[in-house]
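What follows is the residue order along each chain.
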Amino acid sequence: HESTACITPDGRTIYFTRNNMTPEMSKDRKAIQRLKIYSATFINGKWTNVKDLSINGDNYSTAHPVLNSTGDKLYFVSDRPESLGATDIFMADIHSDGSLGRVENLGNKINTLGRESFPFISDRNELYFSSDGHFGLGGYDVFYTQLNKKGHGSLINVGKPINSELDDVTFAINTVTHKGFISSNRPGGEGYDDIYSFIETKDIRELIKSRIYGK
């Protein structure tokens, strides 16, 4: 299976998730299926030169790649040994030659003992992700934080109506049009998970503004 792809701003490189088909998997269909992130380059109208990235491993999964707004940092989800919980969000720098730098855990302000997954980064370098480890309204909730040179700002639960009493994942938004999409298994859907569209009526940054009065 191939899924959850992202493409660099210049349109020349794609990162995507694929099943890690080990020899054991080929022999035993009941063996644990793990995931890896691969890259490919766009040459002469075709995607070619598929590579197994250095961040991968055969004993853990690496999935859900997403790039920052400038395309020089790759964020992803993994249950690698240094994870704090079931799955964590990690980051690695992308060097000019396409190689990846040291893998960094985003830390315990973002990652919990639960599951953090489905990261999305807006063109304003804001991180949205789903978690069932932070306090929320239901299963997976969508959370927000502004990325910066020091790490990130305050963590905010996006709240209703994006979040429900069930699982809300794969959030994405266009910060210019303020339109976006969210997947959820909330009541009233057509299937197990449905895709919903929304319009942001108030910029989420308004929630973290404060006013100070005094002398």
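Before reading on, note that the structure itself is shown above.
First things first, this report covers the structure right here in the doc. Small disclaimer: the values here were computed from a predicted structure and weren't measured.

1. Observations regarding unusual backbone geometry
Note that the residue after K160, namely P161, is joined by a cis bond; omega there is 0 degrees. Note on placement: P161 falls in the loop between strand 13 (156–157) and strand 14 (168–174). Of note, H64 is a non-glycine position whose phi angle comes to about 55 degrees, a positive value. Among the structural elements, H64 can be located in strand 5 (residues 62–67).

2. With respect to the environment of D194
With respect to the helices and strands, D194 occurs in strand 16 (residues 194–199). A C-alpha to C-alpha distance of 32 Å links D194 and T41, two positions 153 residues apart in sequence. Apart from residues no more than four positions distant in its own chain, D194 is found in contact with I182, S183, S184 and G189. In this structure the side chain of D194 is engaged in a polar contact, spanning 2.4 Å, whose partner is the backbone nitrogen of E190.

3. Some thoughts on the nonpolar core
Core analysis: the biggest nonpolar cluster contains 13 residues, and Y15, L53, I55, L74, F76 and L100 have the highest contact counts within it. Elements represented by at least two residues in this core include exactly strand 6 (73–78) and strand 7 (88–93). Excluding its chain neighbours within four sequence positions, the residues that come into contact with F76 are I37, I55, T62, A63, H64, P65, D88, I89, F90, M91, A92 and V103.

4. Quick word on the packing of aromatic side chains
What the rule picks out here adds up to nine aromatic pairs. Taking 6.0 Å as the distance between ring centres and 20 degrees as the angle between the ring planes, the aromatic pair formed by F16 and Y38 counts as stacked. Here F16 is found in strand 2 (residues 13–19), whereas its partner Y38 is found in strand 3 (residues 35–43), with 22 residues between them in sequence. Relative accessible area serves as the criterion here: at 10%, Y38 is assigned to the buried category. Taking 6.4 Å as the distance between ring centres and 45 degrees as the angle between the ring planes, the aromatic pair formed by F120 and Y128 counts as tilted. Assessed through its relative accessible area of 18%, F120 is described here as buried. If you follow R18 out to its NZ or CZ, it ends over the ring of Y38, 5.1 Å from the centre.

5. Some thoughts on the environment of G159
Note on placement: G159 falls in the loop between strand 13 and strand 14. Between the C-alpha atom of G159 and that of D141, which follows or precedes it by 18 residues, the distance is 8.1 Å.

6. Overview of the sheet that holds strand 6
Strands sit in the order 5-6-7-8 across an open sheet of four strands; the sheet is antiparallel. Of all the strands in the sheet, just strand 5 and strand 8 (104–105) have a single pairing partner and so form its edges. Where strand 7 meets strand 8, two bridges bridge the pair, whose relative direction is antiparallel. Each residue of the ladder has a partner; that of M91, found in strand 8, is E104.

7. Section: the sheet that holds strand 15 (residues 179–184)
Taken together, three strands build an open sheet; the order of strands is 14-15-16 and the sheet is antiparallel. The strands lining the two open edges of the sheet, one partner per strand, are strand 14 and strand 16. For this sheet, the mean inter-axis angle between neighbouring strands, taken without regard to orientation, is 20 degrees. Of the strand pairs in this sheet, strand 15 and strand 16 are connected by six bridges, and their pairing is antiparallel. Among the inter-strand pairings, G180 is bridged to a residue of strand 16, identified as F198.

8. Regarding a nonpolar patch on the surface
Nonpolar side chains collect at one region of the surface, where I7, F42 and W47 lie side by side and expose about 300 Å² of accessible area between them. Within the element layout of this structure, I7 appears in strand 1 (residues 2–7).

9. Concerning the pattern of salt bridges
As enumerated under the stated definition, the model contains 11 salt bridges in all. Across the pair R102 and E104 runs a salt bridge whose closest N-O atoms are separated by 3.6 Å. By relative accessible area, which is 30% here, E104 ends up partly exposed. Three or more residues are tied together by salt bridges with common partners; here these are R124, E126, D203 and R205.

Rules used throughout
Residues numbered from 1 in each chain as written. Predicted model: local features only at pLDDT ≥ 70, side-chain atom pairs only at ≥ 80, totals over all residues. Heavy atoms only, no water. Helix = DSSP H or I, 4+ residues; strand = E, 2+ residues; numbered from the N terminus. Contact = heavy atoms within 4.5 Å. Polar contact = N/O pair within 3.5 Å; in protein donor to acceptor, adjacent residues only side chain to side chain. Core = buried A, V, L, I, M, F, W, Y, C linked by side-chain atoms within 4.5 Å. Buried < 20%, exposed > 50% of the residue type's maximum accessible area, 1.4 Å probe, protein only. Phe/Tyr/Trp six-rings, centres within 6.5 Å; stacked < 30°, edge-to-face > 60°. Lys NZ or Arg CZ within 6 Å of the ring centre and 35° of its normal. Pairing = 2+ DSSP bridges. Axes fitted to C-alpha atoms, helices over the stretch in contact; angles between N-to-C directions. Patch = residues over 30% accessible without salt bridge, like charges linked within 9 Å, V, L, I, M, F, W, Y side chains within 5 Å. Areas by Shrake-Rupley, 256 points an atom, 1.4 Å probe, with all protein chains shown as cover. Salt bridge = Lys/Arg side-chain N within 4 Å of Asp/Glu carboxyl O.

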